[in-house]
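Working through the structure, step by step
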Amino acid sequence: GNSVTQMEGPVTLSEEAFLTINCTYTATGYPSLFWYVQYPGEGLQLLLKATKADDKGSNKGFEATYRKETTSFHLEKGSVQVSDSAVYFCALSDRGQGNLIFGKGTKLSVKP
Amino acid sequence: GAGVSQTPSNKVTEKGKYVELRCDPISGHTALYWYRQSLGQGPEFLIYFQGTGAADDSGLPNDRFFAVRPEGSVSTLKIQRTERGDSAVYLCASSQNQGGKETQYFGPGTRLLVL
């Protein structure tokens with residue numbers, strides 16, 4: 001079945017450091033891929049998405065590229081800020097009804 | 001406009017009791033999803049509605065769980081004979097249409113604690 005594996009946290013970085021959170025997936029078809037973020041005390045919100053191979057999603061300085069050959073969708077940001085501290089979830093959905101399959105989440109803490 | 005809302009925000013109940021969790025999707029969104037998130041885990045799919053009908057309930061863990069969406073808008077997740085293992089955050093999400101490319105908008109969740 002479909003599944004998502006993302007790097008385990010927690011990840012602790014200093015402000016302005018480079019961020020990578022790895023995400024790989026297993027899917028029988030051609031899923032859409034998503035990164036959702038959960039800030040402390042808030043609900044899940046979409047960070048970025050890509051719906052086909054080689055698409056790059058980007059938002060708030062974060063980027064991720066849909067790599068079909070490596071079944072990956074790694075999240076990157078060149079310079080993190082304290083306000084980026086949150087839990088990040090990688091997810092996929094199939095082309096049908098669209099229910100999301102999530103990874104376990106990666107907690108990011110950015111220190112000033 | 002208003003986002004997805006869920007009530008109550010917290011619910012404490014005793015083992016064996018019945019609970020109802022409510023979800024108000026974004027107006028005009030036809031697809032509605034329920035997920036369950038245990039501590040330290042990602043959300044897990046429970047059930048999906050397209051309009052009034054449950055299009056896929058394959059994620060419901062057992063027959064104690066049931067959900068309805070009678071008028072194609074508000075949905076209620078019902079849990080009978082609650083067990084301690086049902087303790088989790090129950091999330092509702094809606095999207096404008098069905099389909100894998102659609103963005104799902106999540107509510108704040110209902111935190112259920114079964115004592």
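Throughout what follows, the structure given in this document is the object of discussion. Treat the numbers as computed from the prediction; the structure is a model and nothing was measured. (Residues numbered from 1 in each chain as written. Chains lettered and ligands numbered in written order. Predicted model: local features only at pLDDT ≥ 70, side-chain atom pairs only at ≥ 80, totals over all residues. Heavy atoms only, no water.)

**Focus on the overall build of chain B**
- Scanning chain B from N- to C-terminus turns up 0 helices and 11 strands.
- Secondary structure elements of chain B, listed N to C terminal, follow the sequence β-β-β-β-β-β-β-β-β-β-β.
- Taken against the 2.2 N^0.38 rule, which gives 13 Å for 115 residues, the C-alpha radius of gyration of chain B at 13 Å falls within 12% of a compact globule.
- Here the C-alpha coordinates of chain B stretch approximately 35 × 25 × 25 Å along the principal axes.
- Within the span of chain B, comprising 115 residues, buried residues form 46% of the whole.
- Of the contacts formed within chain B by residues at least 6 apart in sequence, a portion of 54% connects residues at least 24 apart.
- Looking at chain B as shown, the accessible area adds up to about 5500 Å², and 46% of this sits on carbon and sulfur atoms. (Helix = DSSP H or I, 4+ residues; strand = E, 2+ residues; numbered from the N terminus. Rg over C-alpha atoms; globule rule 2.2 N^0.38 Å. Buried < 20%, exposed > 50% of the residue type's maximum accessible area, 1.4 Å probe, protein only. Contact = heavy atoms within 4.5 Å. Areas by Shrake-Rupley, 256 points an atom, 1.4 Å probe, with all protein chains shown as cover.)

**Let's talk about the environment of Leu21 of chain B**
Residue and element names in this part refer to chain B.
- Tracing the backbone through its elements, the reader meets Leu21 in strand β3 (residues 19-24).
- With a relative accessible area of 1%, Leu21 lands in the buried category.
- Apart from residues no more than four positions distant in its own chain, Leu21 is found in contact with Thr7, Pro8, Trp34, Ser75, Thr76, Leu77, Tyr90 and Thr110.

**Considerations on a nonpolar patch on the surface**
- Among the surface-exposed residues, Val12, Leu113 and Leu115 of chain B lie close enough to one another that they form a single nonpolar patch of about 270 Å² accessible area.
- Within the element layout of this structure, Leu115 of chain B appears in the segment after β11 (110-114). (Patch = residues over 30% accessible without salt bridge, like charges linked within 9 Å, V, L, I, M, F, W, Y side chains within 5 Å. Salt bridge = Lys/Arg side-chain N within 4 Å of Asp/Glu carboxyl O.)

**Quick notes on the sheet that holds strand β7 (residues 56-59) of chain A**
Residue and element names in this part refer to chain A.
- Taken together, 4 strands build an open sheet; the order of strands is β3-β9-β8-β7 and the sheet is antiparallel. Looking along the sheet, the strands with just one partner apiece sit at the ends: β3 (19-21) and β7. Direction aside, neighbouring strands of the sheet carry axes that sit 15° apart on average.
- Summarising the sheet, strand β8 (residues 62-65) and strand β9 (residues 75-77) pair through 2 bridges and their orientation is antiparallel. When the sheet's bridge partners are listed, Phe62 is paired in β9 with Lys77. (Pairing = 2+ DSSP bridges. Axes fitted to C-alpha atoms, helices over the stretch in contact; angles between N-to-C directions.)

**Remarks on the nonpolar core**
- The biggest cluster of nonpolar side chains holds 26 residues, and the ones touching the most others in it are Trp35, Leu47, Leu48, Phe73, Leu75 and Tyr88 of chain A.
- Within the residue set of this core, elements represented by two or more residues are β2 (11-14), β3, β4 (23-26), β5 (32-38), β6 (44-50), β8, β10 (86-93) and β12 (106-111) of chain A.
- With 4 residues, the single largest contributor to this core is β10 of chain A.
- If near-sequence neighbours (up to four positions away) are discounted, Phe73 of chain A is found in contact with Cys23, Leu33, Phe34, Trp35, Leu48, Lys49, Ala50, Ala64, Thr65, Tyr66 and Cys90 of chain A.
- Val4, Trp34, Leu77 and Ile79 of chain B belong to the second-largest nonpolar core, a separate cluster that totals 20 residues. (Core = buried A, V, L, I, M, F, W, Y, C linked by side-chain atoms within 4.5 Å.)

**Concerning the layout of surface pockets**
- Roughly 660 Å³ of volume is contained in the largest pocket.
- Lining the largest pocket are 28 residues, and of these Gln38 of chain A together with Gln37, Leu39, Val89 and Arg111 of chain B sit closest to its centre.
- Of all elements in the fold, only β10 of chain A together with β9 (88-95) and β11 of chain B reach the threshold of two or more residues within the lining of the largest pocket.
- Per-element tally for the lining of the largest pocket: the top contributor is β11 of chain B, with 4 residues.
- A volume near 210 Å³ is recorded for the second largest pocket.
- Contributing to the lining of the second largest pocket are 13 residues, with Val4, Ile101, Phe102, Gly103 and Lys104 of chain A lying nearest its centre.
- Counting residues per element, the ones that place at least two in the lining of the second largest pocket are β1 (3-6) and β11 (100-102) of chain A together with β5 (44-50) of chain B. (1 Å grid on protein atoms, 1.4 Å probe; cavity = no way out; pocket = protein on both sides within 12 Å on 5 of 7 lines; lining within 4 Å. Points joined across faces, edges and corners; volume = space filled by probe spheres on them.)

**So, the interface of chain B and chain A**
- With 20 residues of chain B at the contact, the number on the chain A side is 21 residues.
- Surface buried jointly by chain B and chain A totals about 1600 Å² across both partners, of which 52% is contributed by carbon and sulfur atoms.
- The largest share of the area that chain B buries against chain A comes from Gly100, Lys101 and Phe106 of chain B, three residues that together contribute 32% of it.
- Connecting chain B to chain A are 0 salt bridges.
- Our count for the chain B to chain A interface comes out at 3 residue pairs in polar contact (both at pLDDT 80 or more). (Buried area = accessible area lost by both parts, 1.4 Å probe. Polar contact = N/O pair within 3.5 Å; in protein donor to acceptor, adjacent residues only side chain to side chain.)

All we've got here are geometric facts, nothing functional implied.
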